[in-house]
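# Notes for the structure review
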Amino acid sequence: MEGDESKQNFGFLSKKPYDPPSWALHLNPLPSHVYSLAHTPTPIHRWNLPNLPKDVEVWIKRDDLSGMQLSGNKVRKLEFLMADAVAQGADCIITIGGIQSNHCRATAVAARYLNLDCHLILRTSQAIVDKDPGLVGNLLVERLVGANVELVSKEEYSRIGSVALTELLKERLINEGRRPYVIPVGGSNSLGTW
């Protein structure tokens, strides 16, 4: 039965070698592994839209069906980024975004799946920075999976910048004996684009 069960989950949460397509072999960095964080393959559905010309069809790749907490393009980026974090020996993840960032939610969930602590820097209004923003939307999921949340005002975010804010947190965690891995806003870097 165990073999049948592992086939049904399509290797979810498994580390897999990644073989880049031949046309991309000149790119850097070349990822060697990914973590299977999405339930793939996701289906492609024809979308019937009114008033389209006769010879036009619209098809949608349903990445919203890749997993409840990790849906969309965020999970595809995180499959590469989390594999890199683990390969580098990270014990925690740092990322940054808006208070209801889908990327931050997906990162917190992926980190929990892989037994990594997650530290989120969330941008919000000054009024909310000074009080508890509660348990709503993505913030609820982030707190449920045990993410460490730090709030920063939009003004401070603009003044200091996302890179400097994550670097300050990284230095603080290193001084505490941790091994953090920083994922930029939206997971958008050369590795995340894979």
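Residues numbered from 1 in each chain as written. Predicted model: local features only at pLDDT ≥ 70, side-chain atom pairs only at ≥ 80, totals over all residues. Heavy atoms only, no water.

In the nomenclature of an unreviewed UniProt entry, the protein corresponds to Tryptophan synthase beta chain-like PALP domain-containing protein from the organism Papaver somniferum. Under the heading Cofactor (unreviewed entry), UniProt records this for the protein: "pyridoxal 5'-phosphate". Entered under Sequence similarities (unreviewed entry) in the UniProt record, the comment concerning the protein runs "Belongs to the ACC deaminase/D-cysteine desulfhydrase family." (UniProt positions renumbered as here; feature names shortened; annotations may be inferred.)

On to the environment of Ile160, then. On the secondary structure map, Ile160 appears in helix H6 (residues 154–160). C-alpha separation for the pair Ile160 and Asp130, spaced 30 residues apart in sequence, amounts to 18 Å. (Helix = DSSP H or I, 4+ residues; strand = E, 2+ residues; numbered from the N terminus.)

To continue, consider unusual backbone geometry. Here the residue pair Asn28 and Pro29 is connected by a cis peptide bond, since its omega of 5 degrees sits within 30 degrees of zero. Looking at the secondary structure, you find Pro29 in the loop between strand S1 (15–17) and strand S2 (33–35). In this structure, Asn51 takes a positive phi of about 70 degrees despite not being glycine. In this fold, Asn51 is placed in the loop between strand S3 (44–47) and strand S4 (58–61). You can call Asn51 exposed: its relative accessible area is 81%. Despite not being glycine, Asn115 shows a phi value in the positive range, around 60 degrees. Residue class for Asn115 comes out exposed when judged on its relative accessible area of 65%. (Buried < 20%, exposed > 50% of the residue type's maximum accessible area, 1.4 Å probe, protein only.)

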